[in-house]
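Architecture and fold: a report
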Amino acid sequence: MSEAPRWRRRLNDRVYGKIVERWRAAELDDRAFERAYRWRAQSLIQPVMVVVMVMPAVGDWLSRDLSLSAHVERLGMWLILYAVFALAVGLRVDSFARFGSRDFLLRRNRERAEQNPAQGMVPASKSKSTSTNGGAPLAYGRYPIAPHFARRILLMAVGVDVVAGGLTAYLERPSFALFAAALVTLWALFLLVDRRIHLDVSPEGVWCRAWGPKRYRFDQFKTVYPRKRTINIGVVLVPRAPAELATTLSFWGRYLMRSGEGVPAHAGTLTIWTNRVGLDRDAFLLGVQAEIVKAA
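The residue numbering used here restarts from 1 in each chain and proceeds along that chain's sequence as written. Reporting of local features is limited, given that this is a predicted model, to residues whose pLDDT is at least 70; pairs of side-chain atoms are given and counted only at 80 or more, and all residues count toward the totals for whole chains, interfaces and linings. The basis for the side-chain values is all heavy atoms of the structure; hydrogens and waters are excluded.

The way it works is that DSSP assigns letters per residue, a run of H or I at least four long becomes a helix, a run of E at least two long becomes a strand, and they are numbered from the N terminus. To estimate the expected span of a helix, count its residues, drop one, and scale the result by 1.5 Å. Look at helix α5 (residues 176-193): 26 Å from first C-alpha to last across 18 residues, which is about the 26 Å you get at 1.5 Å a residue. Each residue is placed in one exposure class: buried if its accessible area under a 1.4 Å probe, protein chains only, is under 20% of its type's maximum, exposed if it is over 50%, and partly exposed if it falls in between. All buried positions along α5 are accounted for by Ala-181, Thr-185, Ala-188 and Leu-191. Around the axis of α5, the buried residues are gathered within 120° of arc, so they sit on the same side. Structural note: α5 exposes Phe-176, Leu-186 and Val-193 on the side pointing more than 90 degrees away from its buried face. In this description, the arc belongs to the directions extending from the helix axis to the C-beta atoms.

Turning next to the sheet that holds strand β4 (residues 221-229). Pairing in this open sheet of three strands is antiparallel, and the strands run β4-β5-β6 from one edge to the other. Edge strands, defined here as strands with exactly one partner in the open sheet, are β4 and β6 (270-272). The sheet shows a mean angle of 30° between the axes of neighbouring strands, direction not considered. Where β4 and strand β5 (residues 232-239) come together, eight bridges link them in antiparallel fashion. Counted as the bridge partner of Lys-228 is Ile-233 from β5. The criterion used for residue contact is that any of the two residues' heavy atoms lie within 4.5 Å. Each axis is a line fitted through C-alpha atoms, and for a helix only the stretch in contact is used; angles between axes span 0 to 180 degrees, taken between their N-to-C directions. On top of the sheet, helix α8 (residues 281-295) reaches β4, β5 and β6; it is set at about 165° to β4, its chief contact. Strand pairing is assigned whenever DSSP identifies at least 2 bridges connecting the two strands.

In a soluble, globular protein the nonpolar side chains are often hidden away together inside. What makes a nonpolar core is a set of buried Ala, Val, Leu, Ile, Met, Phe, Trp, Tyr and Cys residues whose side-chain atoms join them at distances within 4.5 Å. Counting residues in hydrophobic clusters, the biggest one holds 25 residues, and the most contacted among them are Leu-199, Trp-211, Leu-237 and Phe-284. When contributions to this core are tallied by element, the ones reaching two or more residues are β2 (197-202), β3 (205-208), β4, β5, α6 (242-246), β6 and α8. The biggest single contributor to this core is α8, with four residues. Setting aside its immediate chain neighbours within four residues, Trp-211 contacts Val-206, Tyr-216, Leu-237, Leu-249, Ser-250, Gly-253, Leu-270, Thr-271 and Ile-272. Formed by 14 residues, the second largest nonpolar core is a distinct cluster that contains Val-20, Phe-33, Ala-97 and Leu-105.

Next comes the structure, spelled out in structure tokens:
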């Protein structure tokens, strides 16, 4: 598992060290850990915001030859400005803190899966699929993008189109939002008509079009665990030799593996989004897990 840069680890240790230690010692559960992590971030940034806003307010006070009552009247304006900026910065910091605390939880789940590949699987999520073969062997097959997933993306694209169209009408000129909405719509339509095979699972291994032309055997992976991101749910395959496997991936596949598809905790892994191909995530996860354990 790739590590964060040294300066970032040192900063995290100074800022969140005690919170992380208490969580690892089981003094905090996951929910309390996330709350404490986010509160710590706000307790550091909000005093900075006070200083940032007080300095121009004092400068305004000293630079204007006004009566005390006039200065008091202007104080309301500065308080409103502070509230707006504090809220905007606070929301942004909170999103970063939530991402950071979530990364700790994901790394722990990944470490548990790697330490015991045959465990009874990390909390198999309550997927909404109606599949009933949760404990059955892995279902082999070739799967294109599922039509219901493509229709869902198209419905979201229509919503973006409506918002972008309203913004364009308000501005009375074409906007970048309209261009972006058009791209999303074209991508959704492409998914709807694209019937190429996206995922191929057989006794010989697994192939995903996003990874390149090569099929990978189950013995090339040491464990599998569940993953969820926004509307996507799937499974994460952890290679036994990430550096060696990376040389056989396509350029896009290497990027996905190196970045963990945008999440540091998943760096060095390959993700299969099962809802994109209409598979029940939990049944697929248990089937892949059984194949990996059998091939080990």
